[in-house]
Amino acid sequence: MESISDEKKLKKVLVFQKGDKYYFPKTIPKERKSATEAYVLMLILIFVVHLVLSDCRSCVPSFYTSACIIHFVTCLIYRFIIFLYELGHSCSRYGNDNIEILKRAFYFDYKVYCLVTPCTFHMVYYLSNYGLPTLEDKLWFCVIPFIFLLHRIIDLEEFPIKDSLWIAKHTGLDYGSGMAYSFFYGYLNYMLNKIGDPGKNLHDMMKEYESANRVRFAVYKIFILIPKSLTCFESVKNGSTLMEMRSTLLEKKITIAGIRERIYKHAVYSIKPDPELDGHVYVCCEFATPLKTFKEVLERSTPHTEFYKQHKNDILLQFYVTLKAILKMNKVDAMCELVYYEGYSSYKFLLGPKP
């Protein structure tokens, strides 16, 4: 009896699984159920009411069929406009593969074909035998909610480029923006500001490193490397023959989220701009660590891997844009430089040639 009582208490405060069923407390959101069944019932109700009250019942089916075809053609025109718009991004997003743009612009769910195919055959049959369907129907307005609900049921608005456009709206709900917020508030914020032990910001730690090692930094900021390829080496020096890892800045110890005295530190590298010249340039730089995790997700087989692969460039762009905005919003952009690049060859002025 006591275990039964405990189980009831648990169900009130946390998500509880018993067998294949999950129990959610009233205060914790549960998964939403599909509204498709309700939409279908509404469609049937609208059609039946129209059919019963219409003065020309034999014309009603052809009236709805023609409306479906017209709506589908309108969607095709919209997709064509989107296709033309995306051609401007052919090089940067699709590697000049216009066929891929075409596929993404005119992708339709199988439910669309299941509807459009019989509608097309019915329309051809009706036109060849009876001509154009009559529009003299006092209940013609019933087709408007019918088409709206049908549009939602068959997912006519769902196609890959539409998802890219949604990500580009910069709502903050996409994966790239989420990575940016986590990276800043879970890491950069601690390192750039006077948080934790010894209570110094990035500028202070770089000045202290200069005094201890008798060197000079090129700039008092950290370079965060954001490669489009998502390839993040264990050390930045692995990408250049002219870079050498020296040591690290002063370690910071921060107690956070139940972890006692977690250690944070930045790596220091020296760069020899020209092998024939004396002297080195000292910088702090590192890869954006969320990109390494993102790449591992793309290399695994998960329910979302294919979606992420399709929208890799969109997600990466949002990571860069959002992180840049966060740095500016928190007034630490002067201490952090984001370097979003195609490959090492595009950043030779910092890293030197690739080995």
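On a predicted model such as this, the values are computed, not experimentally measured, just so you know.

Calculation criteria
- Residues numbered from 1 in each chain as written.
- Predicted model: local features only at pLDDT ≥ 70, side-chain atom pairs only at ≥ 80, totals over all residues.
- Heavy atoms only, no water.
- Helix = DSSP H or I, 4+ residues; strand = E, 2+ residues; numbered from the N terminus.
- Buried < 20%, exposed > 50% of the residue type's maximum accessible area, 1.4 Å probe, protein only.
- Contact = heavy atoms within 4.5 Å.
- Areas by Shrake-Rupley, 256 points an atom, 1.4 Å probe, with all protein chains shown as cover.
- Salt bridge = Lys/Arg side-chain N within 4 Å of Asp/Glu carboxyl O.
- Pairing = 2+ DSSP bridges.
- Axes fitted to C-alpha atoms, helices over the stretch in contact; angles between N-to-C directions.
- Parallel < 35°, antiparallel > 145°, perpendicular 65-115°, else oblique.
- Left-handed = near helix turned anticlockwise from the far one by under 90°.
- Patch = residues over 30% accessible without salt bridge, like charges linked within 9 Å, V, L, I, M, F, W, Y side chains within 5 Å.
- Phe/Tyr/Trp six-rings, centres within 6.5 Å; stacked < 30°, edge-to-face > 60°.

## Quick notes on the overall build of the protein
A count of helical and extended segments in the protein gives 14 helices and nine strands. Across the 355 residues in the protein, those meeting the buried criterion constitute 38%. Sequence-distant contacts, at least 24 apart, represent 68% of the contacts inside the protein between residues at least 6 apart. When the accessible area of the protein is evaluated, it comes to approximately 21600 Å², of which 59% is carbon and sulfur surface.

## A short note on the pattern of salt bridges
Pairs can form between side chains of opposite charge once their charged atoms are near each other. In total, this model carries 13 salt bridges according to the counting rule given. The salt bridge partner of glutamate 208 is lysine 200, with a shortest N-O separation of 2.2 Å. According to the relative accessible area criterion, glutamate 208 is partly exposed, its value standing at 32%. Glutamate 342 is the salt-bridge partner of lysine 228, the closest N and O atoms lying 3.6 Å from each other. In this pair, lysine 228 is assigned in the loop between β3 (217-227) and β4 (243-248) and glutamate 342 in the loop between β9 (336-341) and α14 (348-351), connecting sequence segments 114 residues apart.

## Digging into the sheet that holds β4
What the five strands build is an open sheet, ordered β4-β7-β8-β3-β9; its pairing is mixed. Only two strands of the sheet have a single partner each, and these edge strands are β4 and β9. Strand after strand, the sheet turns through a mean of 35 degrees between neighbouring axes, direction not considered. Summarising the sheet, β4 and strand β7 (residues 267-271) pair through five bridges and their orientation is antiparallel. Its bridge partner being in β7, serine 247 is matched across the sheet by valine 268. Against the sheet, helix α10 (residues 202-213) makes contact with β3, β4, β7 and β8 (281-287), and its axis sits at roughly 120 degrees relative to β3, the strand it touches most. Contacting β3 and β9, helix α13 (residues 312-329) crosses the sheet at an angle of about 165 degrees to β9.

## Points about helix α7 (residues 143-153)
Taken together, the buried positions of α7 are Val143, Phe146, Ile147, Leu149, Leu150, His151 and Ile153. Along its buried surface, α7 packs onto α2 (36-53), α3 (60-86) and α6 (110-130). Backbone geometry just downstream of α7 places aspartate 155 in the positive-phi region, at approximately 55 degrees.

## Section: unusual backbone geometry
The phi dihedral of leucine 230 falls on the positive side, at around 70 degrees, and the residue is not glycine. Relative to the helices and strands, leucine 230 is located in the loop between β3 and β4.

## What about the packing of α2 against α7?
The interhelical angle for the contact between α2 and α7, taken along N-to-C directions, is 150 degrees, at an axis separation of 10 Å. Relative to α7, the element α2 is oriented roughly antiparallel. In this structure, the crossing between α2 and α7 has a hand that is left-handed. Taking contact as the criterion, the partners of Thr36, Tyr39, Val40, Met42, Leu43, Ile46 and Phe47 in α2 are, on α7, Pro145, Phe146, Leu149, Leu150, Arg152 and Ile153.

## Concerning the packing of helix α9 (residues 175-192) against helix α11 (residues 289-299)
The geometry of α9 relative to α11 is characterised by a closest axis approach of 10 Å and an angle of 140 degrees between their N-to-C directions. It follows from the interaxial angle that α9 and α11 lie oblique. Here the hand of the crossing between α9 and α11 comes out right-handed. In this structure, α9 contributes Tyr175, Met179 and Phe183 to the contact, and α11 contributes Thr289, Pro290, Phe294 and Val297.

## So, a nonpolar patch on the surface
A cluster of nonpolar side chains, Val40, Met42, Ile44, Leu45, Val48, Val49, Val52 and Leu53, forms an exposed patch at the surface whose accessible area comes to about 650 Å². With respect to the helices, strands and loops of the structure, methionine 42 is situated in helix α2.

## Things to note about the environment of glycine 186
Among the structural elements, glycine 186 can be located in helix α9. For the pair formed by glycine 186 and isoleucine 256, sequence separation is 70 residues and the distance between their alpha carbons is 9.6 Å.

## Points about the packing of aromatic side chains
Counting across every chain of the model gives 21 aromatic pairs. Summarising the aromatic geometry, the rings of tyrosine 78 and phenylalanine 159 are spaced 6.2 Å apart at their centres and angled 85 degrees between planes, so their arrangement reads as edge-to-face. Here phenylalanine 159 lies in the loop between α7 and α8 (160-168) and tyrosine 78 lies in helix α3, a separation of 81 residues in the sequence. Judged by its relative accessible area of 2%, phenylalanine 159 is buried.

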